[in-house]
Structures are given as C-alpha cells and as structure tokens.
Amino acid sequence: MKFTLSAENLQEVLSYMDSDADIISSGATLETKAHISNSFGEVDFREIQLEIAHILIGEYQLNQGLIVHNTLYDGFIEMHFNFNNSIWMGESLASKIPIHGMQHNVFSFIDMKGFVDFTEGQAFKTLDIHLSLDYLQKWIGQSPLLDQLLKNYEQQVPSMLYPQSMYITPAMQDVISQIINCPFSGFTRKIYLESKVQELFSLQIELSDVVASQGLYPTKELSRKDVDHIHHAKKYIEENLDNPKNIEDLARICGTNQQKLKYGFKKMFGTTIFGYLQKCRMFHARDLLLQGVSVADVSFMVGYANHSSFSYAFREYYGCSPIKTQGMKQYNEKRNPAIDLSSTLN
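Conventions adopted
Residues numbered from 1 in each chain as written. Predicted model: local features only at pLDDT ≥ 70, side-chain atom pairs only at ≥ 80, totals over all residues. Heavy atoms only, no water. pLDDT = per-residue confidence, 0-100. Contact = heavy atoms within 4.5 Å. Helix = DSSP H or I, 4+ residues; strand = E, 2+ residues; numbered from the N terminus. Buried < 20%, exposed > 50% of the residue type's maximum accessible area, 1.4 Å probe, protein only. Phe/Tyr/Trp six-rings, centres within 6.5 Å; stacked < 30°, edge-to-face > 60°. Lys NZ or Arg CZ within 6 Å of the ring centre and 35° of its normal. Salt bridge = Lys/Arg side-chain N within 4 Å of Asp/Glu carboxyl O. Axes fitted to C-alpha atoms, helices over the stretch in contact; angles between N-to-C directions. Left-handed = near helix turned anticlockwise from the far one by under 90°. Nonpolar A, V, L, I, M, F, W, Y, C, P; charged D, E, K, R; others polar. Core = buried A, V, L, I, M, F, W, Y, C linked by side-chain atoms within 4.5 Å. Expected span 1.5 Å × (residues − 1). Arc of directions from axis to C-beta. Polar contact = N/O pair within 3.5 Å; in protein donor to acceptor, adjacent residues only side chain to side chain. Parallel < 35°, antiparallel > 145°, perpendicular 65-115°, else oblique. Pairing = 2+ DSSP bridges.

Colleague: In this structure, what is going on with the confidence of the model for the protein? I would like to understand it.
Modeller: The predicted coordinates should not be examined in detail at positions where pLDDT is low. Taken residue by residue, the protein gives an average pLDDT of 81. The fraction at 70 or more is 80%. Note that pLDDT drops below 50 for residues 16–28; the model gives that stretch 25 contacts with residues more than four away or on any other chain. With pLDDT under 50 throughout, residues 331–346 is counted as low confidence; its partners more than four residues away or in other chains account for 25 contacts.

Colleague: When you look at unusual backbone geometry in this model, what are you seeing that I'm missing?
Modeller: What you tend to see is this: most non-glycine residues have negative phi, and most peptide bonds are trans. Despite not being glycine, M102 shows a phi value in the positive range, around 60°. Mapping M102 onto the fold places it in the loop between β10 (97–99) and β11 (103–109). You can call M102 buried: its relative accessible area is 4%. The phi torsion at Q156 lies on the positive side, around 60°, for a residue other than glycine.

Colleague: Is there a simple way to explain the packing of aromatic side chains in this structure?
Modeller: Each pair of aromatic rings is reported with the distance of its centres and the angle of its planes. Following the criterion strictly, the structure yields 14 aromatic pairs and no others. Among the aromatic side chains, those forming a connected cluster through ring pairs are F283, Y304, F310, F314, Y317 and Y318. Over the ring of Y304 we find R281; its NZ or CZ atom is 4.2 Å from the centre of that ring.

Colleague: Whenever I open this one, the pattern of salt bridges confuses me. Can you help?
Modeller: Pairs can form between side chains of opposite charge once their charged atoms are near each other. Applying the stated criterion across every chain, the model contains 9 salt bridges. Residues R189 and E31 are paired through a salt bridge, measuring 3.0 Å at the closest nitrogen-oxygen approach. Of this pair, R189 sits in helix α5 (residues 186–214) while E31 sits in strand β4 (residues 29–38), placing them 158 residues apart in sequence. Assessed through its relative accessible area of 0%, R189 is described here as buried. One connected set of salt bridges, linked through shared partners, spans E51, K190 and E194.

Colleague: Before we go on, may I ask you to explain the packing of helix α6 (residues 224–239) against helix α9 (residues 273–290) in this structure?
Modeller: In helix packing, the relevant descriptors are the interaxial angle and the interaxial distance, both defined with respect to the helix axes. Relative to each other, α6 and α9 sit at 35°, their axes nearing to 9 Å. Relative to α9, α6 is oriented so that their crossing is right-handed. Between α6, through K234, I237 and E238, and α9, the contact on the second element is made entirely by I273, Y276, L277 and C280. In terms of residue class, the contact of α6 with α9 is made up of 5 nonpolar, no polar and 2 charged.

Colleague: Help me out: how do you make sense of the nonpolar core in this one?
Modeller: Generally speaking, nonpolar side chains in soluble globular proteins are found buried as a group. Ranked by internal contacts, the top residues of the largest apolar core, which has 61 residues, are I55, F81, L127, I129, L131, L200 and F201. Top element by residues in this core is α5. It accounts for 9 residues. Here F81 is in contact with Q103, H104, K125, T126, L127, D128, I168, M172, I176, L200 and Q204, once residues within four sequence places are set aside. Residues A34, I36, M89 and F124 belong to the second largest nonpolar core, which totals 16 residues.

Colleague: Got a minute to help me understand helix α11 (residues 307–318) in this structure?
Modeller: A rise of 1.5 Å per residue sets the reference length of α11, with its 12 residues, at 16 Å; its end C-alpha atoms lie 16 Å apart and thus fit the reference within 8%. At the C-terminal side of α11, G319 shows a positive phi close to 80°.

Colleague: Honestly, the environment of K151 in this entry has me stumped. Any pointers?
Modeller: Relative to the assigned elements, K151 resides in helix α3 (residues 144–154). Along the primary structure K151 and I140 are separated by 11 residues, whereas in three dimensions their C-alpha atoms are 10.0 Å apart.

Colleague: Sorry if this is basic, but what is going on with helix α7 (residues 247–254) here?
Modeller: Owing to its 3.6 residues per turn, the α-helix brings residues three or four apart onto one side. Among the residues making up α7, those that are buried are L250, A251 and C254. Along α7, the residues classed as buried sweep out an arc of 100° about the axis, all on the same side. The elements touched by buried residues of α7 are α6, α8 (258–269) and α9. A distance of 3.2 Å separates the backbone nitrogen of E248 from a side-chain oxygen at the start of α7, and that oxygen is part of N246. Positive backbone phi, approximately 80°, marks G255, located one or two places after α7.

Colleague: Looking at this structure, how should I read the side chain of Q173?
Modeller: Within the secondary structure, Q173 sits in helix α4 (residues 170–180). With near-sequence residues (within four places) excluded, Q173 lies in contact with M102, I168, K234, F269, Y276 and K279.

Colleague: I tried to follow the packing of α7 against α8 on my own but got confused; where do I start?
Modeller: The geometry of α7 relative to α8 is characterised by a closest axis approach of 9 Å and an angle of 95° between their N-to-C directions. In terms of orientation, α7 lies roughly perpendicular with respect to α8. For the pair α7 and α8, the contacting residues are I247, E248, L250 and A251 in the first and Q258, L261 and K262 in the second. Looking at the contact of α7 with α8 residue by residue, the class counts come to 4 nonpolar, 1 polar and 2 charged.

Colleague: Please clarify how the pairing of strand β6 (residues 53–62) should be interpreted in this entry.
Modeller: Both faces of the sheet carry side chains from a regular strand, because those side chains alternate between them. When you tally the buried positions in β6, you get 7 out of 10 residues, the bulk of the element. Sheet topology places strand β5 (residues 41–49) next to β6; 9 bridges connect them, and they run antiparallel. Bridge pairing in β6 links I48 to I55. Counted between consecutive antiparallel strands, the loop separating β5 from β6 contains 3 residues. Judged from the 9 bridges that link them, β6 and strand β13 (residues 123–131) form a sheet pairing that is antiparallel. Residue pairing for β13: H54 is matched across the bridge by H130.

Quick look at the structure:
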C-alpha cells in the first residue's frame, strides 16, 4: 500500500526545530532542519537558502511506499542528485521516469502537476538545488542543452537537461561532500557554498555536453539487477577498507561476474574499482590522521600490511607524508581557533 501526500500536506507535517534554525549572512541566508515521523517512516530535511540557489538535502527511511504529489505554478529549475535506491517521477503514473542510484539530471518544472514515488522498505538520500533565474541568465549561450532547457522553461514546457539521467562522477561526489560537510560559518559559509553550487552545476553542464556530442548514452545498458550488484560492491568497499577484496572475490560476494562488475562500476561511477578503493582508503586515512590516530593504526585500519607501504601510497596520493598531515591539525587549530563547526551538516 502506498502512502500519498500532497506537497502542501508534507509541509504541514514537517516539524521544524527552532533550535536548529540558524540565520547567517546578516539574515540573507536561512538554514533550517526539519523532521517527519509518521506511519510511512522517517524523513529528515535540511534546507539552505543562498542568493543564487536553494539547497535541499533529504533522507528517507520508509516503512511504506510514499507518493508525494505537487502542483507547480511558479516553477523552478532544479539540479537533482539521487544517491542510492531508485525513485520515480513524472506527470502521470503512465509516463513516470526513473532516477536510479548515483544518477543526476537538471529539470525545469513549471505550470504542471507531478509526483515523486518512493518504494517501501528502502532508504533514500537526495540532493536538490533550485537555481535562481538571475544566475541562470549568465549561462545563456554557453551550452546548447541548457539554452534549450531555458527556452522550454520560458515557454512553460517541463523538460530535462539530458533525455536520460547521467551517472554522478567522482568529481561531482567530491563537491557534493564539500557542500554537505561545509566546515565554515557565517559569511564565509555562504560564499563557500555558493562557489560549490556553481562548481557542481558546471560539472553537470560539462558532462551533458560531452555525452550529447559523443553519444555516450545509451551504450550497453545495465539491467536493474546489475545496478543493484554494483551498488552492493560500492557499499562493500566503503564498509571493509581494512579488509579489501580482489575483483574475483568482490564479484562473488556481490552475486555477479568480474566482467560485469568492472564494466558496470566504471560506467556508473567513472572510475575503476581499485581507483575507488584507493580514494576511499586515502580519504579515510586523512580523516583519521587529522583526528590524531597513529600512522601504524591508520595503516591497519585502511587495509595495509605495514605502515611503510601505506606511507608510500599516501605520499603518492596527497604529495605529503602521513606524519606531516598529522601536524596540519595542530597548525590549523592555532591559526583558526574561532571557526564555529556547530552548524556543519553531518
């Protein structure tokens, strides 16, 4: 059974927590958090209003299926990123389109009725960024696909930047992480977030132009089962950095074969399995070093047999030694004692 809400009802059941509201940039930027606990499940929202954009971060843990209906008159242009399980959206059930895990697109919505469909018993995490029209006007003439999207918007025709959703690249993942985990407060936070929104939008436009000119989509398409196996592999890598598997073992654990896993992983995430493993290990290692964990312990925690091999890999990746990275924590604490991390998004 599906639980159905209108967007208006959804706003009514949101419980905004005053203690989580933080006005920054002299009141020009508002940041809030909200939570829903209902029979259909748990929903958490974070909203950040900037001059050029409105950022919405949603996390859903659903016991029942959920359909959210909305009627749009004013309209908006939205950067959409879906991080795990597939969601469906459209103007009618007959014409709904999927946005699978680790996919993104840019949508224009105006003067339409639509819905978003979430499947029961699954977790979802999304990032939506509504861009201001003043900001988008600066892009006119820079991308044929974006020009067409803006033209459709002016003519009140809902549309997508690219006919099918594209995979989120590692570069996009880095910027998204920087947005969600922004370490700054006050005016610096506003400027930082606006710069990252622009960087992320630039990456979307660049990728859409490339795939349009080179015809990268569709290629040998992955089945829904293949996509699930590849997501399983990605999650397994992230959760087992201390005990990494070779590709043969990883494929067996995830219920697929080596060829499909290697092809699908590169297609979905834009990097090899080893490349992604190495990135996760190095990012996690850096975080641990900055927390004061010893080099020997960090080596073990990210799957290296000895700290000399880890130190070599770390230096190759970051250009500095693990010991020097540990020293950066004390240096930054001395230089920036007043930075307020209380408003950082987790």
